[in-house]
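# Structural overview for review
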Amino acid sequence: MSTLQEVFLVGSTGLLGNRLASALLDRGATVRALVRPGAAGEKQRVLDALRAKGVQLVEGDLTDSVDRLAAAVGGASAVVSAVQGGPEVIVEGQANLLRAAERAGAARFVPSDFAIDITRLDDGDNFMIDWRRQAAARFAGSPLGVLSVLNGAFIEVMMGFMGLVDWDNGTFSHWGDLDQPLDVTTVQDTADYTAAAVLDPAWADGGTVRFAGEVLSMRGFHEAVERGSGRRLQLRTLGTADDLRAEIERRAARSQNPFDYVALQYQWCMVTGKAKFDALDNDRYPEVKPTTVEQFVRDVDSAA
Ligand SMILES: NC(=O)c1ccc[n+]([C@@H]2O[C@H](COP(=O)([O-])OP(=O)(O)OC[C@H]3O[C@@H](n4cnc5c(N)ncnc54)[C@H](OP(=O)(O)O)[C@@H]3O)[C@@H](O)[C@H]2O)c1
């Protein structure tokens, strides 16, 4: 097998992919990145910074022909996707990318999973994870080692998109069992663990690797946010996990847009314990020292 030091990355302008490009370079990899044409403004600045760090940029799109994508992959041994999008990107685009990686002779393929435990969920639990499970079904049988990297929830997402903390009103709202353990990881730590796994020859046959920067309950999360921010947040229980499922169904019946309730779907998967990791692979990469929720909140506060 060729060395894994040459990586073809898709999604390098994104939240995770940008940090992943740097984390791969820090580990001595060569990174070639597929970027969609037409960059301007902030995206152009991101691309300039990537180029300055030594990333080779190749224009293209996941929907390009397999031949064209395979030419872009070139001699890379690992193809890593950190894209976000609908089924045309996550299912069809990534299936296309895998075919291109096969044609180019790559050894490893890492799809854009980066989530709670997608292997334990059922169709309908979370529509965005359904797409990742559909994509995984399309990858089955590939001669490449397909490695799925799972990180629980981004701490950034728990502090924002999930809608748990309301700083203005001084509240922390949650559904379900306050003591159910949850897997959470910062974006940076996810990038660092992913880079380590991508370049690790131990995953030659692919598989699923699970990391968590911290495992803590909603009660623990609330306490960590209070310690990190130095602020008291009144704890509000919105209902049981069954109440949450009923709320999701109510919203789904009212809305044509599933993004209106996807944050609640992620919470349901977590607070029921259904998408909880059984075991972690953190110990394989002890050089990664993950940030705790308390430290994360303290760092954000002191940067503000
Ligand atoms: N566990 C969690 O809590 C959590 C939270 C958020 C995200 N994630 C996961 O992390 C992964 C990355 O998400 P993100 O938030 O970093 O995404 P993001 O910031 O939205 O970036 C998406 C990237 O994908 C690229 N892209 C989209 N469609 C493409 C196409 N057709 N061809 C080529 N490139 C394309 C975008 O390029 P352009 O710059 O050209 O648009 C961008 O670089 C996803 O799997 C997402 O589900 C996990």
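Residues numbered from 1 in each chain as written. Predicted model: local features only at pLDDT ≥ 70, side-chain atom pairs only at ≥ 80, totals over all residues. Heavy atoms only, no water.

As recorded in an unreviewed UniProt entry, the protein goes by the name NmrA-like family protein, listed as coming from Nonomuraea jiangxiensis.

### Considerations on the site of the ligand
In the vicinity of the ligand, 25 residues are found, and the nearest of them are T13, L16, K43, S112 and F154. At a separation of 3.1 Å, an oxygen atom of the ligand approaches a polar side-chain atom of Q84. R132 is positioned with one of its side-chain polar atoms (N or O) 3.0 Å from an oxygen atom of the ligand. Taking 930 Å² as the accessible area of the ligand by itself, protein coverage stands at 82%. Going through the elements one at a time, α1 (15–26) and β7 (153–154) are the ones with two or more residues in the shell around the ligand. Here the shell around the ligand is composed, by residue class, of twelve nonpolar, eight polar and five charged. (Near = heavy atom within 4 Å. Polar contact = N/O pair within 3.5 Å; in protein donor to acceptor, adjacent residues only side chain to side chain. Areas by Shrake-Rupley, 256 points an atom, 1.4 Å probe, with all protein chains shown as cover. Helix = DSSP H or I, 4+ residues; strand = E, 2+ residues; numbered from the N terminus. Nonpolar A, V, L, I, M, F, W, Y, C, P; charged D, E, K, R; others polar.)

### Comments concerning helix α11 (residues 293–303)
Of all the positions in α11, only V293, E294, F296 and V297 are classed as buried. With its buried residues spanning 165° around the axis, α11 presents them on a single face. α11 presents S302 and A303 as exposed residues on the side facing more than 90 degrees away from its buried surface. Against α6 (155–159), β10 (182–185), β12 (214–216) and α8 (218–229) lie the buried residues of α11. (Buried < 20%, exposed > 50% of the residue type's maximum accessible area, 1.4 Å probe, protein only. Arc of directions from axis to C-beta. Contact = heavy atoms within 4.5 Å.)

### Looking at the sheet that holds β7
Pairing is mixed across the open sheet formed by three strands, whose spatial order is β7-β10-β12. A strand with exactly one partner marks an edge of an open sheet, and here the two such strands are β7 and β12. In this sheet, β10 lies alongside β7 in parallel orientation, the contact comprising two bridges. Across the sheet, F154 pairs through a bridge with T185, a residue of β10. (Pairing = 2+ DSSP bridges.)

### Overview of the UniProt feature "domain: NmrA-like" (unreviewed entry) in the protein
The sites that carry the UniProt feature "domain: NmrA-like" (unreviewed entry) are, in the present numbering, residues 6–244. As annotated, residues 6–244 comprises 41% helix and 23% strand, and the C-alpha atoms at either end are separated by 45 Å. (UniProt positions renumbered as here; feature names shortened; annotations may be inferred.)

### Thoughts on unusual backbone geometry
Residues other than glycine predominantly adopt negative phi, and peptide bonds predominantly adopt the trans conformation. Its identity as a non-glycine residue notwithstanding, F114 has a phi of 45°, on the positive side. By secondary structure assignment, the location of F114 is in the loop between β5 (108–110) and α5 (127–139).

### A closer look at the packing of aromatic side chains
Under the definition given, this model contains six aromatic pairs. Judged by centre distance (5.2 Å) and plane angle (70°), the rings of F109 and F139 are edge-to-face. With F109 in strand β5 and F139 in helix α5, this residue pair connects regions lying 30 residues apart in the sequence. The pair formed by F109 and F139 is uniform in burial state, with each residue classed as buried. (Phe/Tyr/Trp six-rings, centres within 6.5 Å; stacked < 30°, edge-to-face > 60°.)

### Remarks on the sheet that holds strand β13 (residues 234–239)
Reading across the sheet, the three strands line up as β8-β9-β13 and stay open at both edges, with mixed pairing between neighbours. Two strands bound the open sheet, and with one partner strand each, they are β8 (165–166) and β13. Of the pairings in the sheet, the one linking strand β9 (residues 171–175) to β13 comprises five bridges and is parallel in character. What sits directly across from H174, in β13, is T237. Contacts between α8 and the sheet are confined to β8, β9 and β13, with β9 contributing the most and set at about 165° to the helix. (Axes fitted to C-alpha atoms, helices over the stretch in contact; angles between N-to-C directions.)

### Here we look at the packing of α1 against helix α2 (residues 41–53)
It is the contact of α1 with α2, at a shortest axis distance of 11 Å, that shows an interaxial angle of 5°. As far as their axial angle goes, α2 and α1 are roughly parallel. Across the interface between the two elements, N18, A21, S22 and L25 of α1 pack against V46, L50 and K53 of α2. Tallied by class, the residues present in the contact of α1 with α2 amount to four nonpolar, two polar and one charged. (Parallel < 35°, antiparallel > 145°, perpendicular 65-115°, else oblique.)

### Some points on the side chain of R132
With respect to the secondary-structure elements, R132 resides in helix α5. One buried charged residue, R132, forms no salt bridge at all, with the nearest opposite charge on D113 at 4.7 Å. A distance of 2.9 Å separates the side chain of R132 from the side chain of Q84, its partner in a polar contact. Each residue touching R132, except ones within four places of it in the same chain, is listed here: V83, Q84, I90, S112, D113 and I118. (Lys, Arg positive; Asp, Glu negative; His and termini not counted. Salt bridge = Lys/Arg side-chain N within 4 Å of Asp/Glu carboxyl O.)

### Digging into the pattern of salt bridges
The full count for this structure, using the stated rule, is 24 salt bridges. Ionic pairing is found between E92 and R138, a salt bridge with its closest N-O pair at 3.1 Å. With E92 in helix α4 (residues 87–104) and R138 in helix α5, this residue pair connects regions lying 46 residues apart in the sequence. In this structure, R99 and E102 form a salt bridge, with 3.2 Å as the shortest nitrogen-oxygen distance. On the criterion of helical spacing, the pair formed by R99 and E102 is a turn pair, its members being three residues apart in helix α4. Linked by salt bridges that have partners in common, D122, D125, R245, E249 and K274 make up one network.

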